[in-house]
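An overview of the molecular structure
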Amino acid sequence: MKTPRQKMAEQDPQERIANFDEVPYGYTPEQAQAEAARCLQCQKAPCRAGCPVEIDIPAFILAIREGDFAAAREKLLETNSLPAVCGRVCPQEDQCEKVCVLAKKGDPVAIGTLERFAADWKDGEEADPEAGSAPEKAKVAVIGAGPAGLTAAADLARMGYRVTIFEALHRPGGVLVYGIPEFRLPKAIVFEEVEKVKKMGVELELNQVVGATLSVEELFDSGFEAVFVGTGAGLPRFMGIPGENLNGVYSANEYLTRVNLMKAFRFPEYDTPVIRGEKVCVIGGGNVAMDSARTALRLGAEEVTIVYRRSRAEAPARVEEVHHAEQEGVIFKFLTLPLKYLDDGNGWIRGMECQGMELGEPDDSGRRRPVPVPGTEFTIDCDLAVVAIGNDPNPLLPRALPELELGWKGTIVADPETGAASVPGVFAGGDIATGAATVIEAMGAGKKAARGIDRYLSARKS
Amino acid sequence: MYRIVEQERLTPEAVRLRIEAPRIARRRQAGQFVVIRVDEKGERIPLTIVGSDPEAGTITLVVQEVGTSTRKLGRLRAGEAILDLTGPLGRPTEVKKWGRVACLAGGIGTAEVLPVVEAVRAAGNTTLAIVGARTRELLILEDEMRAAADGLYITTDDGSYGRHGVVTDVLLDLINDGAVPDRVYAIGPVPMMKAVADLTRPYGIPTEISLNALMVDGTGMCGCCRVTVGGETKFTCVDGPDFDAHQVDFDELVQRQKIYLGQEKRSLEEYEKCAGGCRR
Ligand SMILES: Cc1cc2nc3c(=O)[nH]c(=O)nc-3n(C[C@H](O)[C@H](O)[C@H](O)COP(=O)(O)OP(=O)(O)OC[C@H]3O[C@@H](n4cnc5c(N)ncnc54)[C@H](O)[C@@H]3O)c2cc1C
Ligand SMILES: Cc1cc2nc3c(=O)[nH]c(=O)nc-3n(C[C@H](O)[C@H](O)[C@H](O)COP(=O)(O)OP(=O)(O)OC[C@H]3O[C@@H](n4cnc5c(N)ncnc54)[C@H](O)[C@@H]3O)c2cc1C
Ligand code: SF4
Ligand code: SF4
Ligand code: FES
């Protein structure tokens, strides 16, 4: 008889909206082995082509099936420096699982959940990740400690390069620490994975804004022979509608940064405050909107509404995230566009004027364009609004290196195969090159750039 | 960790700190600031770089103790350290040769305006400093300011020192005496900066001010520091902190500074309850 795809147990929705603990519990060893047994161990293993960080999927799954969980973890770490992160936030349904042969007739193997299980496995001795003996090759600088930068740094260290990461914030991880909430990706897990990267010999310098604290030129002058830029898409978009600067209107970046990076959910034990709304509106339809809405619930909101101008089918958030939000009681208002924020007379938001939309012809992105329906204006009351309509590339570094060729919305133009940017010795990847995308794509770009840098430096030596 | 090499109390509510930060000391320019986090539970707050010694690798900050974070700073001594410190952030103050420049400051703004006075004068301008304090005891950096400027005017609200009045009184007199400055620069509490803007507007004197919006990251990532200037939204930390005073929406700025009043008060109460000891 065929085993069904194993489901992770989860915290009950009613309980979890009162805490910031992780929602899914992960597999038990029995479940993991049962799920691993579903894998057909395909000769050609099409799943592998779906993984940007080139995990040997059948091999790690086989190790789980055989009960050698430590070996499974080692297998993951051979190519992926952040498996516990990927196992949680990688949109596996669009990556490896989409091309798993089992997906054709039914449920694919739960590759992401198995990855999470193996990455979290703590028994047995933890072999220190190998650095390519004593690092002796050239010095390489990595700017930004998000998924792209961490991956590039780890891969370069593995090849024997001496790598230093320069990070602007006081913590490494990029969006993994300031954006994605604790209940989806516990910060302790991110730091453990960063520690592993450091053990490979990577130096990490925090509080260093490249372009302000030091320049790219200085990096080259002080002996770095190549630079990887992984500075992400950290510039919050606003809609430019009236009332956007009222008290009680946040960008998702500010809201999530206060709560995640600065731990405002533990105010006043932690010094950073955050507004705890009672009726909260979140504008947007992506993962960032889901994270903001679920955060608002956990901060005690009575009612949280997601307002999105297209329909459910177009919402870019992962299906799982929308599902979790609905389970927790988030209300969805699709086909709704905010027109302006309303002032309570004291400079605070009291509501939002909105308009109904309908779907018209497909636009450049292939999604049907929302068009306003006249006469459908209405008001939603709220005392907090979180704008989660996307982020643009962070302009700080491009501004400081004007020779860099920039693309649409200020992305850094980089060769998708090698990461090479227009300035010799400068490479880029992740959200700064593609615009806001995913953790795994950023990591894939970091991996390719590490190879690109290796080829560039090897060619220079010979 | 960023070690404090020197600490000096200037007034009952202000301290001067000299801190090791060699990269920042080398690169900072007038008008720029740092963002610091005192300890593990601390918030990120912006503070102007008042001076630096590139040789010694130190920067100088002057802090007015108004709430939890600044009180924590005020308790630190030489030899202790600040957990996180990053910068120099913000665009440097625009400095050109204009002729006669008046730099006005109120309260802790006196420290913040000092590097601007130095830079403006170094560019060949005749530089007047006009600084105000509530009372003589709270006046800071008088000697430094006297050395930096071509002329120094002091006012106190209660008349205990210098001229009885406010800094705009002095500026108005200068204008009335025909000594109209070619440019005005001001840093201080919002009502003071607004008063300066209102005074210089009818005379068409170009006026720059440094805005003290609330901030989190200080690198353009969150939008906490947004202000409206000339009808457009700007991020103070990357587009400023200096802006054209005649274009700034002061009412919005005042409003946004009040967002966390209740929570700031609560935070300070909790902090003072155990005199800073039990929360570390
Ligand atoms: C709330 C939220 C939820 C998300 N959820 C998911 C999800 O579930 N799954 C998924 O796959 N993706 C998700 N994403 C998208 C994903 O997080 C990003 O695509 C990914 O983090 C991009 O990685 P990166 O390394 O390119 O950039 P980032 O993660 O943005 O890291 C960039 C780093 O560079 C630093 N930096 C910037 N400028 C400088 C400078 N001048 N000097 C030094 N350092 C600098 C920044 O401080 C930051 O640490 C989410 C994004 C957000 C905001
Ligand atoms: C670019 C910039 C440069 C600055 N330079 C200096 C400096 O050199 N020295 C200095 O002492 N301060 C400076 N400030 C102000 C300083 O950042 C705040 O005083 C500090 O963040 C207050 O933190 P707190 O936790 O001690 O007080 P909080 O508890 O946050 O606030 C206490 C009181 O101060 C008010 N307040 C808080 N933040 C500000 C602010 N940004 N502007 C005006 N009032 C505020 C609050 O409304 C409240 O009434 C600067 C601000 C900016 C934006
Ligand atoms: S990293 Fe993502 S794509 Fe690769 S195996 Fe894991 S879940 Fe699949
Ligand atoms: S395609 Fe699916 S079944 Fe085949 S090896 Fe990969 S995970 Fe296993
Ligand atoms: S402080 Fe975050 S954008 Fe300026």
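Cut-offs and rules
Residues numbered from 1 in each chain as written. Chains lettered and ligands numbered in written order. Predicted model: local features only at pLDDT ≥ 70, side-chain atom pairs only at ≥ 80, totals over all residues. Heavy atoms only, no water. Helix = DSSP H or I, 4+ residues; strand = E, 2+ residues; numbered from the N terminus. Rg over C-alpha atoms; globule rule 2.2 N^0.38 Å. Contact = heavy atoms within 4.5 Å. Areas by Shrake-Rupley, 256 points an atom, 1.4 Å probe, with all protein chains shown as cover. Lys, Arg positive; Asp, Glu negative; His and termini not counted. Charge placed at Lys NZ, Arg CZ, Asp CG, Glu CD. Buried < 20%, exposed > 50% of the residue type's maximum accessible area, 1.4 Å probe, protein only. Axes fitted to C-alpha atoms, helices over the stretch in contact; angles between N-to-C directions. Parallel < 35°, antiparallel > 145°, perpendicular 65-115°, else oblique. Left-handed = near helix turned anticlockwise from the far one by under 90°. Nonpolar A, V, L, I, M, F, W, Y, C, P; charged D, E, K, R; others polar. pLDDT = per-residue confidence, 0-100. Near = heavy atom within 4 Å. Buried area = accessible area lost by both parts, 1.4 Å probe. Salt bridge = Lys/Arg side-chain N within 4 Å of Asp/Glu carboxyl O. Polar contact = N/O pair within 3.5 Å; in protein donor to acceptor, adjacent residues only side chain to side chain. Domains from an automatic or database assignment. Phe/Tyr/Trp six-rings, centres within 6.5 Å; stacked < 30°, edge-to-face > 60°. Lys NZ or Arg CZ within 6 Å of the ring centre and 35° of its normal. Pairing = 2+ DSSP bridges. Core = buried A, V, L, I, M, F, W, Y, C linked by side-chain atoms within 4.5 Å. Expected span 1.5 Å × (residues − 1).

Some points on the overall build of chain A
Of the regular secondary structure elements, chain A holds 16 helices and 18 strands. Relative to the 2.2 N^0.38 estimate, which gives 23 Å for 462 residues, the radius of gyration of chain A is 23 Å and therefore close to what a compact globule would have. Counting only C-alpha atoms, chain A reaches 70 × 65 × 50 Å along its principal axes. Counting only contacts in chain A whose residues sit at least 6 apart along the sequence, the fraction spanning at least 24 positions is 69%. Surface summary for chain A: the accessible area is close to 18500 Å², and the carbon and sulfur share equals 51%. Charged side chains of chain A number 52 positive and 68 negative; the gap between the two group centres comes to 4 Å.

Concerning the overall build of chain B
For chain B, the helix and strand inventory stands at nine helices and 17 strands. Rg of the C-alpha trace for chain B: 18 Å, near the compact-globule value of 19 Å for 280 residues, within the 12% margin. Along the first, second and third principal axes, the C-alpha atoms of chain B reach 60 × 40 × 40 Å. Classification of the 280 residues of chain B by burial places 56% in the buried group. Restricting the contact set of chain B to residue pairs at least 6 apart, pairs at least 24 apart contribute 65%. By element, 48% of the accessible surface of chain B is carried by carbon and sulfur atoms, the whole surface being about 11100 Å². Across chain B, the 36 positively charged side chains and the 40 negatively charged ones have centroids separated by 4 Å.

Points about unusual backbone geometry
Residue and element names in this part refer to chain A. With an omega of 5°, the peptide bond between F267 and P268 qualifies as cis. When you line up the elements, P268 lands in the loop between helix 11 (252-261) and strand 9 (279-283). Even without being glycine, A45 reaches a positive phi, approximately 40°. Checked against the element boundaries, A45 lands in the loop between helix 2 (29-38) and helix 3 (57-65). In this structure A45 comes out as buried when scored by relative accessible area, which is 7%. Even without a glycine there, the phi angle at K409 is positive, about 60°. With respect to the helices and strands, K409 occurs in the loop between helix 14 (396-400) and strand 18 (426-428).

With respect to the packing of helix 12 (residues 287-298) of chain A against helix 13 (residues 319-327) of chain A
Residue and element names in this part refer to chain A. Orientation of helix 12 relative to helix 13, taken along the N-to-C sense of each, is 25°, at an axis distance of 10 Å. By the angle class used here, helix 12 and helix 13 are roughly parallel. For the pair helix 12 and helix 13, the sense of crossing is left-handed. Side by side, helix 12 and helix 13 meet where N287, M290 and R294 of the first sit next to E321, V322, H324 and A325 of the second. Among the residues forming the contact of helix 12 with helix 13, the class breakdown is three nonpolar, two polar and two charged.

A short note on the confidence of the model for chain B
Residues and elements named next belong to chain B. Summing up the model confidence of chain B, the mean pLDDT is 94 and the portion of residues at 70 or higher is 98%. Within chain B, helix 9 (residues 261-273) has the poorest average pLDDT of any element, 87, and strand 3 (residues 33-37) the best, 98. Overall fold confidence for the complex sits at a pTM of 0.95, while the interface term, ipTM, reaches 0.95.

Remarks on the site of ligand 3
All names here are of chain A. Around ligand 3 there are 13 residues in total, and C51, C90, C96, E115 and I440 lie nearest to it. The greatest single-element share of the shell around ligand 3, amounting to three residues, is contributed by helix 6 (residues 111-120). Among the residues forming the shell around ligand 3, the class breakdown is eight nonpolar, four polar and one charged.

Section: the interface of chain A and chain B
With 47 residues of chain A at the interface, the matching set in chain B holds 45 residues. Counting the surface lost from both chain A and chain B, the interface buries some 3900 Å², and carbon and sulfur atoms represent 47% of this. The interface formed by chain A and chain B holds seven salt bridges in total. Summed over the shared surface of chain A and chain B, the number is 26 residue pairs in polar contact (both at pLDDT 80 or more). The set of elements that each furnish at least two residues to the side of chain A that touches chain B consists of strand 7 (235-236), strand 8 (249-251), helix 11 and helix 14 of chain A. If one sorts the elements of the side of chain A that touches chain B by residue count, helix 11 of chain A sits on top with four residues.

Some remarks on the domain arrangement of chain B
Put simply, an interface is often sized by how much accessible area is lost when its parts join up. All names here are of chain B. Looking at chain B, the domain boundaries give domain 1 (2-89) and domain 2 (91-206). Of note, the centres of domain 1 and domain 2, computed from C-alpha atoms alone, are 24 Å apart. Contacts between domain 1 and domain 2 engage 18 residues on the former and 17 residues on the latter. In this assembly, domain 1 and domain 2 are joined by two salt bridges. For R16, the salt bridge identified is with E144, shortest N-O distance 3.0 Å. Across the contact surface, domain 1 and domain 2 share four residue pairs in polar contact (both at pLDDT 80 or more).

Points about the site of ligand 4
Lining the immediate surroundings of ligand 4 are A:C39, A:L40, A:C42, A:P46, A:C47, A:C100, A:V101, A:V109 and A:I111. Across the shell around ligand 4, the residue classes tally to nine nonpolar, no polar and no charged.

Observations concerning the packing of aromatic side chains
All names here are of chain A. Using the criterion set out here, one finds ten aromatic pairs over all chains in the structure. For the pair F20 and F265, a centre-to-centre distance of 4.3 Å together with 20° between the ring planes defines the contact as stacked. You can see F20 sitting in the loop between helix 1 (13-16) and strand 2 (24-26) and its partner F265 sitting in the loop between helix 11 and strand 9, a full 245 residues away along the chain. The rings of F20, F183 and F265 are connected pair by pair, giving a single aromatic cluster. If you follow R298 out to its NZ or CZ, it ends over the ring of F183, 3.8 Å from the centre. Directly above the aromatic system of W408 lies the positively charged group of K409, at a separation of 5.5 Å from the ring centroid.

Observations regarding the sheet that holds strand 16 (residues 384-387) of chain A
All names here are of chain A. Within the open sheet, the five strands sit side by side as 8-16-9-10-11. Their pairing is parallel. Every other strand in the sheet has two partners, leaving strand 8 and strand 11 (331-333) as the edge strands with one partner each. Mean inter-strand twist for the sheet, computed between neighbouring axes without regard to direction, equals 20°. Sheet analysis places strand 9 next to strand 10 (residues 303-307), joined by five bridges and oriented parallel. Paired with C281 across the strands is T305, a residue of strand 10. This element, helix 12, spans strand 9, strand 10, strand 11 and strand 16 of the sheet and lies at about 170° to strand 10.

Quick word on the nonpolar core
Formed by 75 residues in total, the largest nonpolar core has its most connected members in A:I57, A:F60, A:I61 and A:I64. The greatest single-element share of this core, amounting to eight residues, is contributed by helix 16 (residues 439-461) of chain A. The next biggest cluster of nonpolar side chains, apart from the first, holds 38 residues, and it includes B:L171, B:V184, B:M215 and B:V248.

Looking at helix 3 (residues 109-122) of chain B
Residue and element names in this part refer to chain B. The end-to-end C-alpha separation of helix 3 is 20 Å, in line with the 20 Å expected for 14 residues at 1.5 Å each. Lining the buried residues of helix 3 we find strand 6 (58-64), strand 9 (100-106), strand 10 (126-133), helix 4 (142-148) and strand 13 (183-187). Note on helix 3: the residue one or two positions beyond its end, G124, has a positive phi of about 95°.

Overview of the side chain of A:S292
Residues and elements named next belong to chain A. When you line up the elements, S292 lands in helix 12. When its relative accessible area of 0% is taken as the criterion, S292 is described as buried. Once residues within four sequence positions are removed from consideration, S292 is found in contact with A252, Y255, L256, V282 and V386.

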